[in-house]
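Listed here are the chains, written in short residue letters.
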Amino acid sequence: MEDVLKNSEYFVLGKVIDSKTGSVKIKVLKNFGDKKTEEEITLQGFNLLDICSREKDESPTFYFHMIDTVYLFLKKQDIGYCIATPTTGYAIVSNGKVLSTFRHSYHQAHLNMHTYEKCMVPIWNSYRGLPYDVKAVNEFLEKTLKKAPAGFRDHEINTFFEQHAALEMIYHMKLKDKYDLVKPFINCANNHLMISAVRCLA
């Protein structure tokens, strides 16, 4: 995810207007950070795609035909707006939940939109040296990480997703003063949380 964040220029919330295999038209609902796109944009390619499997003479394609609302990390190149690859550089909104990537695109936390923005906007701003709401970040981390490490059972899965996001915030934002919050997760039974906690120590 670091490569996506570092190599993107725009972070937006958008609605898919039209989707084809080679391009996707997006109505931008919200811009985050200091750079703004046009109200309507078209995705035209991939800016971090080095290797992929494909049929002969078939170009890498977008898989947006089932998507309505989506967060996008964009880079503007000569061909137009690009996302990182066909499988990363975006977070789908499905049934009110954001399928959120903080580490790998195959490890996704299901967060409501408010929580996702509370986590990702400060991360985005911190990578660019932009201000963010320090009080809100600290309150979220304290509230989330003072709970016992959560597992995957139905009554604790939402807490697990928030704890994963909170630990990854500490990693991405390089918050070195949060060791006391991270410590209970370093040797916890949940390997996913343990990995995030160890990343915080890097």
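Look up a bit, the structure's there.
Parameters and conventions
Residues numbered from 1 in each chain as written. Predicted model: local features only at pLDDT ≥ 70, side-chain atom pairs only at ≥ 80, totals over all residues. Heavy atoms only, no water. Helix = DSSP H or I, 4+ residues; strand = E, 2+ residues; numbered from the N terminus. Rg over C-alpha atoms; globule rule 2.2 N^0.38 Å. Contact = heavy atoms within 4.5 Å. Core = buried A, V, L, I, M, F, W, Y, C linked by side-chain atoms within 4.5 Å. Buried < 20%, exposed > 50% of the residue type's maximum accessible area, 1.4 Å probe, protein only.

Student: Outline the overall build of the protein, supporting the account with residue identities and numerical values.
Tutor: The helix and strand tally for the protein stands at 6 helices and 8 strands. For the protein, the N- to C-terminal ordering of α and β elements is α-β-β-β-β-β-β-β-β-α-α-α-α-α. For the protein, the C-alpha radius of gyration of 17 Å lies close to 17 Å, the compact-globule estimate for 202 residues. Taking the principal axes of its C-alpha atoms as reference, the protein extends roughly 50 × 35 × 30 Å. Sequence separation of 24 or more characterises 56% of the internal contacts of the protein that already satisfy a separation of 6 or more.

Student: Could you give me a rundown of the side chain of Thr144, with the residues and numbers involved?
Tutor: Position of Thr144 among the secondary structure elements: in helix H3 (residues 134-145). For Thr144, the residues in contact, after removing those within four places along its chain, are Glu162, Gln163 and Ala166.

Student: Can you tell me about the nonpolar core, naming the residues and giving the values?
Tutor: If you look at the biggest cluster of nonpolar residues, it comprises 44 residues, and the most contacted ones within it are Phe11, Tyr71, Phe73, Phe102, Tyr116, Met120 and Leu141. Sorting elements by how many residues they give to this core places helix H4 (residues 157-173) first, with 9 residues. Apart from residues no more than four positions distant in its own chain, Tyr71 is found in contact with Phe11, Val12, Leu13, Phe32, Gly89, Tyr90, Ala91, Val93, Val98, Met113, Tyr116 and Glu117. Of all hydrophobic cores here, the second largest spans 18 residues; its members include Val12, Val16, Val24 and Phe62.

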